[in-house]
Every structure is written in structure tokens, then in C-alpha cells.
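Chains, contacts and geometry: an overview
As a plain string of letters, each chain reads:
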Amino acid sequence: MTFDDARTVMSPTPREQLRDLIAELAVVHGTVTLASGKQAEYYVDLRRITLHHRAAPLVGHVLLDLLEEVGLGAGEIDAVGGLTLGADPVAAALLHAAASRGQDLDAFVVRKEGKAHGMQRRIEGPDVAGRRVVAVEDTSTTGGSVLTAVEALREAGADVVGVAVIVDRGTGARERIEAEGLSYHYLYGLADLGLA
């Protein structure tokens, strides 16, 4: 084996690189109250990842790889997005990753409530009516935020075909999302980050 062969074998994959960046930059230890109201001894602050110069491109490519593996890649779906704020940089990263591969994939933003002025839209970006979409989120505990987005998307006439998140906390999101007839996909569970 040559030196270059050894270096190639030992190089971490993009998925491993992203996992390591999450563990290094996003896991904050200390008691916190989660959006669900539950207490945890740590917090996974994925905005430290989705808005990071090195991690954000990895988010797009690694999550797009996952979607392609499960048959929901660009070409199978038309757009990605979710409830603002956590989903916004995830959707943008996916849009850019797809574009770098020569694929068409739009992004959208779901507001928590409709605007009272301007176009008064709840979903910003290209129209989602009649389009196959995946709702995304940075991390999911109970699935409440992403299901709020799914409800708004369905009301707007989108065909929501799945949900994808970077980190699943393993506390009921999968069950709630699958109960809505949606496939649920995530990159990392708590065990992957050394938190379980």
C-alpha cells in the first residue's frame, strides 16, 4: 500500500466529518429546557453547524446523499424546506448541494403564521402547490415543529412525501411523523454523537 492509498483509506467520509463537527461545535453540556418543555443535560445547537463555513456545505451534501439513498433525491422531489428558523439553512444547504451536482431542487420557508402585509404568504419561495416536497429540520425532539410545517404545506397543496432531519433526539418524533403517513429520515441519533 502506498502512502496515498493509506491516506485515502484513513480519510474520514463527509458523513464522519459532519458528525465530528457536530460533536465538537454544537453539543453544549448543561441543563436546558427543550422546545418540548422537557429538561435535558445537554443541548444540540445545530445552528452552530448549519451556519458554519465548513459544516454547512457538508450538511447539504450528506443530507442530499441520504435523501438519494431512500429514493427522495433531486429528480424525485421538487423542493425542500420547513418551519423558520431551524429549517432555513438546512434547505439552503440542500439547494446549493443539488445545484453543485447539476440537479434542480428548490427551497422554501414556512412562516409560523401568515404575514398580515405584502403577499400575505405563509410559505415563501417558489410555489409548492402540486409539487413533491420534503419537510426538513435541523433537530427533532417530538416532531412538533416539522409537523406544523407539514400541515401548512398540505394546506398550500404540496405533496409532502417525507421528513428529513440532521439529528433525531429519539424522543417520539419518528412515531408522530410516521403516524401522519410520512417517511422519516435522519443523519444522526444521539448514540452517533456519544450522547446516549
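The coordinates are above.
Reading the values: the criteria
- Residues numbered from 1 in each chain as written.
- Predicted model: local features only at pLDDT ≥ 70, side-chain atom pairs only at ≥ 80, totals over all residues.
- Heavy atoms only, no water.
- Helix = DSSP H or I, 4+ residues; strand = E, 2+ residues; numbered from the N terminus.
- Expected span 1.5 Å × (residues − 1).
- Contact = heavy atoms within 4.5 Å.
- Phe/Tyr/Trp six-rings, centres within 6.5 Å; stacked < 30°, edge-to-face > 60°.
- Lys NZ or Arg CZ within 6 Å of the ring centre and 35° of its normal.
- Core = buried A, V, L, I, M, F, W, Y, C linked by side-chain atoms within 4.5 Å.
- Buried < 20%, exposed > 50% of the residue type's maximum accessible area, 1.4 Å probe, protein only.
- Pairing = 2+ DSSP bridges.
- Axes fitted to C-alpha atoms, helices over the stretch in contact; angles between N-to-C directions.
- Parallel < 35°, antiparallel > 145°, perpendicular 65-115°, else oblique.
- Left-handed = near helix turned anticlockwise from the far one by under 90°.
- Nonpolar A, V, L, I, M, F, W, Y, C, P; charged D, E, K, R; others polar.
- Salt bridge = Lys/Arg side-chain N within 4 Å of Asp/Glu carboxyl O.
- Right-handed = clockwise from strand over helix to strand, strands pointing away.

1. As for helix H6 (residues 144–155)
Under the 1.5 Å per step criterion, the end-to-end length of H6 is 17 Å for 12 residues, consistent within 8% with the ideal 16 Å. Contacts from the buried residues of H6 go to strand E3 (79–83), strand E4 (106–110), strand E5 (123–124), strand E6 (132–140), strand E7 (159–168) and helix H7 (173–179). Phi turns positive, to about 90°, at Gly157, one or two residues after H6.

2. Structural notes on the packing of aromatic side chains
In the structure shown here, the tally under the stated rule is 1 aromatic pair. Relative to Tyr186, the ring of Tyr184 lies with its centre 6.0 Å away and its plane at 40°, an arrangement referred to as tilted. In this structure, Arg15 packs its charged tip against the face of Tyr188, placed 5.4 Å from the ring centre.

3. Details of the nonpolar core
Of all hydrophobic cores here, the largest spans 41 residues; its most connected members are Leu18 and Ile22. Looking at this core, the elements that each hand over two or more residues are helix H2 (14–26), strand E2 (39–44), helix H4 (55–69), helix H5 (88–100), E6, E7 and strand E8 (183–189). When residues in this core are grouped by element, the largest group, 8 residues, is from H4. Of all hydrophobic cores here, the second largest spans 22 residues; its members include Ala79, Val133, Val146 and Val150.

4. Focus on the sheet that holds E3
Pairing is mixed across the open sheet formed by 6 strands, whose spatial order is E5-E4-E3-E6-E7-E8. Edge positions in the sheet fall to E5 and E8, since each has one partner strand and no second. Bridge count between E3 and E6: 3 bridges; the pairing is parallel. Of the residues in E6, the one forming a bridge with Val80 is Val134. Contacts from H2 reach E7 and E8, with the element oriented near 70° to E8.

5. Focus: the packing of H2 against H4
One can describe the packing of H2 onto H4 by two numbers: an axis separation of 9 Å at closest approach and a directional angle of 135°. Classified by the angle between their axes, H2 and H4 sit oblique to one another. For the element pair H2 and H4, the recorded crossing hand is left-handed. For the pair formed by H2 and H4, the contact residues are Pro14, Arg15, Gln17, Leu18 and Leu21 on the first element and Ala55, Leu58, Val59 and Val62 on the second. For the contact of H2 with H4, the class distribution of residues is 7 nonpolar, 1 polar and 1 charged.

6. Notes on the packing of H4 against H5
Closest axis-to-axis distance for the H4/H5 pair is 8 Å, and the angle between their directions is 75°. As judged from the angle between their axes, H4 and H5 are roughly perpendicular. Across the interface between the two elements, Ala56, Val59, Gly60, His61, Leu63, Leu64 and Leu67 from H4 touch Val90, Ala93, Leu94, Ala97, Ala98 and Ser100 from H5. Of the residues in the contact of H4 with H5, the class split is 10 nonpolar, 3 polar and no charged.

7. Some remarks on the environment of Ile49
Topologically, Ile49 is positioned in helix H3 (residues 47–50). When its relative accessible area of 0% is taken as the criterion, Ile49 is described as buried. Separated by 26 residues in the primary sequence, Ile49 and Ala23 place their C-alpha atoms 10.0 Å from one another.

8. What to know about the pattern of salt bridges
Under the definition given, this model contains 10 salt bridges. Among the salt bridges present, the one from Arg47 reaches Asp138, with a minimum N-O distance of 4.0 Å. Taken together, the residues span a long stretch of sequence, with Arg47 in helix H3 and Asp138 in strand E6 at a distance of 91 residues. The class of Asp138 is buried, set by a relative accessible area of 5%. In this structure, Glu180 engages Arg154 in a salt bridge whose closest nitrogen and oxygen atoms are separated by 3.2 Å.

9. Things to note about the pairing of E7
Within E7, 9 of the 10 residues are buried, which leaves it mostly tucked inside the rest of the structure. Note that E6 and E7 share 8 bridges and pair parallel. Within the sheet, the bridge partner assigned to Ala135 lies in E7 and is Val163. Between the parallel elements E6 and E7, the chain passes through H6 in a crossover that is right-handed. Here E7 pairs with E8 via 6 bridges, running parallel. In the strand pairing of E8, Val165 is matched with Tyr186. Regarding topology, H7 serves as the crossover connection from E7 to the parallel E8, and that connection is right-handed.

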